[in-house]
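Residues per chain, in single letters:
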Amino acid sequence: MAYNGYGIDQYLDANAVIKELDELIKKPIFSIKEDALKNYVENYFEAKCKKSKDMITKAKEVIPGGVQHNLAFNYPFPIVITKAKGAKLYDIDGNEYYDLLQAGGPTILGSNDDVVKDKVIELLNTCGPSTGLFHEYEYKLAEKIKECVPSVEKFRMLGSGTEACMCALRIARLKTKHKNVLKMGGAYHGWSDQMAYGMRIPGTKFIKSEGIPRFVFKHTQEFFPGSLKDLERKLRWNRLRGGTAAVYIEPIGPESGTRPVTKEFVQGCERLAHKYGALLVCDEVVSGFRIGLGGAQGYYGINPDLTIFGKIIAGGYPGAGGVGGHADCMAHLGAGLDSSGKKIKKALCGGTMAATPISCVAGYTAICEIQKRNACEVAGRMGDRLTKGLQALIKKYNLPFVAFNIGSVCHLDSVGTMHFAINWKKLWTLPHILKETSKRQREMEHMGAAYMAEGLVTLAGSRLYTSAAYTEEMIDDVLARFERVFKNCAQIEFPEEK
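Reference entry: report on the structure contained in this document. No experiment lies behind these values; they were computed from the predicted model shown.

Core analysis: the largest hydrophobic core is formed by 83 residues, its most contacted members being V247, I249, L386, L412, F482 and F486. Each residue touching I249, except ones within four places of it in the same chain, is listed here: M184, H189, F223, V266, C269, L280, V281, C282, D283 and I302. Counting residues in hydrophobic clusters, the runner-up holds 29 residues, among them V152, A375, C376 and A379.

In C-alpha cells:
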C-alpha cells in the first residue's frame, strides 16, 4: 500500500516475527548488566530524581502503590511528570525525556498540541467542561468519525474503552440473541468482569482475574491469536451452547500487536464470525486514528459490525471511549426502534460524564488536525526509522532482541515475556512458564529503568509509540540513547541456574 494515507509503508511479515519471538524465549536472558543498572539507580534516579522519589514516598501513604495508573509504575520508583509538550516530557526535578509512551497511544499529534489546547480553552471560557446536556461537538465528533471510518454509521461516546467493550457485548447479545463471547487470547478489552479473561498472554483464562468469581466467565472464551482453526473450532462448539454473540479482536494483534497477526487472519476472523452468526467487534482503542484515519480495519480491508474507540477520540483528554458501527446494531442504543420502526430491546448503557463538551471538542479538533497534517503517515515514517535503527543496533551488539513495528506502534522485545502461552492440555508446564515470565518481567523493568535514565520514556520497556511531533533528527538522538543501553547489556546469570 506504501503509506497512502496510512501509517504503514510495508506490512511486516507476521509469521517471521513470530518465529523470531519463538526463538527469543528459548535463548538465555540478556539484559542490562548489574553494575550498569546500579550505576543508573545511584547516579540518575537517586541523584537527579530526588523530588520524584520524595513525592512518590508521600503518595504511597494515600494512594495504593503510590500511583493512580498502571502505566506510571517504573523501577526503581515512578517519575513525576510536570510538563508535556510535543515529543518531550519533563519531570518535577527538571529532567527532560523523549516521550515514547504517548500516554499509552493517544497523542499522535504530540503532547499538549496547541491547536487542540486552544479549542479546549475556548470551550472552557464559554460552556465549561460539562453540563449534562447536549453540546454541538457531540454531533461534530460523531459525524467526523462516521466520515473517516466506513464501517461506522452511528457512534456513541462513552467514558472509556472498558465501557465501550462492555456496551458492545450487550449490543451483540441483543442483536444476535446469542450468549457467548470469543476474545483474542492475550488481548486487552478493558477490565470489566466478563472481559478480564485471557489477559496478557494467550491461555491465561481466569488466572489474572483476581477478585472476579469464576462463574462470571461461563460465556467467555479465548481463541489463540493467528489461528483461524482454533477460532472456528470454538465457534462450532458454541453452536451447541447458546451460540456466539461476538468475536472480539485487536486487529493489529493482542496487546497492540505484541504478538502480530497476518492480514489473512484478520480477514478470516470477519468471515468466520459472520459464518457462525456472530458480530465482529474490532477493538481500535490503540489503532484507531493511529494506523490511519480509517483505522486498522481500513488498512486490512474489513468491515466490522462494531468498533471500539478510545484514547485518540478525546484528543488525549479525559473521557476517551466510544462504540460505533452498523446502524442496525447501534439501534439497540437508541429509542428502542430499528430502521423499519419495529420495536427492539435497548441495551443498558449510561455514564453521566460521557461525551462531555471538553472531550468532544478535543476529539473532534484532534481528528481534524490528524487529517490536515497527515499525522498517521508522519508518525508511521518515524516508527519505521526507529525500528530499522533498533534492528541495526541489535545486530551490531549481537543481542537476541526483536524489534518490529506496525506503523507508529513499535515493539522492542528484549525478553519475550508476553510471548509465552499456557496450554491447558500440558498444565505441568505452568510452573515453568510462571517462573520464566516472572524473571523476564523483572528484567523488562530493569531495561525500562535504563531507558528512563537515558531520557527515554517507554511503555514497560518494550512498547514504543512515535508521534507526528518527532523529526528524523530526534529519532536519531533516540537511537543514540538506546545504543548507550545496548552497550551495557549481557547475558544474565540467575543464582538457581549456576
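Turning our eyes to something else, we now look at the pattern of salt bridges. In the structure shown here, the tally under the stated rule is 25 salt bridges. One salt bridge connects R463 with E255, and the closest N-O pair in it is separated by 3.0 Å. Linking R463 in strand β15 (residues 463-465) with E255 in helix α8 (residues 254-257), this pair joins segments that are 208 residues apart in sequence. When sorted by exposure, R463 lands in the same class as E255, which is buried. One salt bridge connects E483 with K396, and the closest N-O pair in it is separated by 2.7 Å. With E483 in helix α15 (residues 472-486) and K396 in helix α13 (residues 375-396), this residue pair connects regions lying 87 residues apart in the sequence. Its relative accessible area of 18% is what places E483 among the buried residues.

The next subject is the packing of aromatic side chains. The full count for this structure, using the stated rule, is 16 aromatic pairs. When the centroid spacing of 5.3 Å and the interplanar angle of 90 degrees are considered together, the rings of Y44 and F45 count as edge-to-face. With respect to burial, Y44 and F45 carry one shared label: buried. Ring centres of Y299 and Y300 lie 5.8 Å apart, and the angle between their planes is 80 degrees; this geometry places the pair in the edge-to-face category. Per residue, the accessibility class of Y299 equals that of Y300, and both read buried. Among the aromatic residues, ring-to-ring pairing joins Y6, Y11, Y299 and Y300 into one connected group. Here the basic side chain of K88 rests over the ring of Y98, its NZ or CZ set 4.8 Å away from the ring centre.

Glancing now at helix α6 (residues 161-176). If you check α6, its first and last C-alpha atoms are 22 Å apart, about what 16 residues at 1.5 Å a residue would give, namely 22 Å. Positive backbone phi, at 65 degrees, marks K177, one or two positions downstream of α6.

This part covers unusual backbone geometry. With the exception of glycine, the majority of residues adopt a negative phi angle, and the majority of peptide bonds are in the trans configuration. Here the residue pair Y75 and P76 is connected by a cis peptide bond, since its omega of 0 degrees sits within 30 degrees of zero. Relative to the helices and strands, P76 resides in the loop between α3 (50-59) and β2 (81-85). Backbone geometry at N112 places phi at a positive 55 degrees, although glycine is not the residue there. The residue N112 is located in the loop between β4 (96-99) and α4 (114-124) in this model. For K311, which is not glycine, the phi torsion reads 50 degrees and is therefore positive. Position of K311 relative to the elements: it lies in the loop between β10 (306-310) and β11 (321-325).

Here we take up the sheet that holds strand β12 (residues 402-406). Across the sheet, which stays open at both edges, the 3 strands sit in the order β12-β13-β15 with antiparallel pairing between neighbours. Where the open sheet ends on each side, the last strands, each with one partner, are β12 and β15. Each adjacent strand pair in this sheet contributes to an overall mean axis angle of 20 degrees, direction not counted. Pairing of β12 with strand β13 (residues 409-413), which is carried by 5 bridges, proceeds in the antiparallel orientation. Counterpart to I406 in the pairing with β13 is V409.

It is worth spelling out the sheet that holds β2 at this point. Read from one edge of the open sheet, 4 strands run β2-β3-β4-β14, paired in mixed fashion. The open sheet has two edge strands with one neighbour each: β2 and β14 (456-457). Pairing geometry for β4 and β14, over 2 bridges, is parallel. By the bridge assignment, D99 is partnered in β14 with V457.

With that settled, the discussion passes to the packing of helix α2 (residues 34-48) against helix α14 (residues 430-453). Where α2 meets α14, the closest approach of the two axes is 10 Å, and the angle between their N-to-C directions is 45 degrees. Between α2 and α14, the angle is such that the two are oblique. The two elements α2 and α14 meet at a crossing, and its hand is left-handed. Residues L37, Y40, Y44 and F45 of α2 touch α14, and the partners they reach there are H446, A449, A450, M452 and A453. Residue classes in the contact of α2 with α14 are distributed as 8 nonpolar, 1 polar and no charged.

Take the packing of α13 against α15 next. Close contact between α13 and α15 brings their axes to 10 Å; oriented N to C, the two are set at 25 degrees. The pairing of α13 with α15 is recorded here as roughly parallel in orientation. α13 and α15 meet at a crossing whose hand is right-handed. Side by side, α13 and α15 meet where M382, R385, L386, G389, L390, L393, I394 and K396 of the first sit next to E472, I475, D476, V478, L479, F482, E483 and F486 of the second. When grouped by side-chain class, the residues that make up the contact of α13 with α15 number 10 nonpolar, 1 polar and 5 charged.

Conventions adopted
Within every chain, residues take consecutive numbers counted from 1 along the sequence as written. Confidence filtering applies because this is a predicted model: local features only for residues at pLDDT of at least 70, side-chain atom pairs given and counted only at 80 or more, and all residues used for totals across whole chains, interfaces and linings. Working from all heavy atoms in the structure, the side-chain values ignore hydrogens and water. Put simply, buried Ala, Val, Leu, Ile, Met, Phe, Trp, Tyr and Cys residues joined by side-chain atoms within 4.5 Å make one nonpolar core. Only protein chains enter the accessibility calculation, which uses a 1.4 Å probe; a residue whose area is less than 20% of its type maximum is buried, one above 50% is exposed, and one in between is partly exposed. Any two residues whose heavy atoms approach within 4.5 Å at even a single point are treated as in contact. What makes a salt bridge here is a side-chain nitrogen of Lys or Arg within 4 Å of a carboxyl oxygen of Asp or Glu, nothing more. Helix and strand definitions follow DSSP, with helices as H or I runs of at least four residues and strands as E runs of at least two, each counted in order from the N terminus. Two aromatic rings, drawn from Phe, Tyr or Trp (for Trp, its six-membered ring), form a pair once their centres lie within 6.5 Å of each other, and the interplanar angle then sorts them: stacked below 30 degrees, edge-to-face above 60, tilted otherwise. Whether a charge sits over a ring depends on NZ of Lys or CZ of Arg being within 6 Å of the ring centre and within 35 degrees of the ring normal. Multiplying 1.5 Å by the residue count of a helix minus one yields the expected span of that helix. A pair of strands is treated as paired once DSSP finds two or more bridges between them. Only the stretch in contact is used when a helix axis is fitted, and all axes are lines through C-alpha atoms; the angle between N-to-C directions ranges over 0 to 180 degrees. Oblique is the label for any angle not covered by the other classes, which are roughly parallel (under 35 degrees), roughly antiparallel (over 145) and roughly perpendicular (65 to 115). The handedness criterion is simple: a crossing whose near helix is rotated anticlockwise from the far helix by less than a right angle is left-handed, and one whose near helix is rotated clockwise is right-handed. Note on residue categories: nonpolar means Ala, Val, Leu, Ile, Met, Phe, Trp, Tyr, Cys or Pro, charged means Asp, Glu, Lys or Arg, and polar means any other residue, Gly included.

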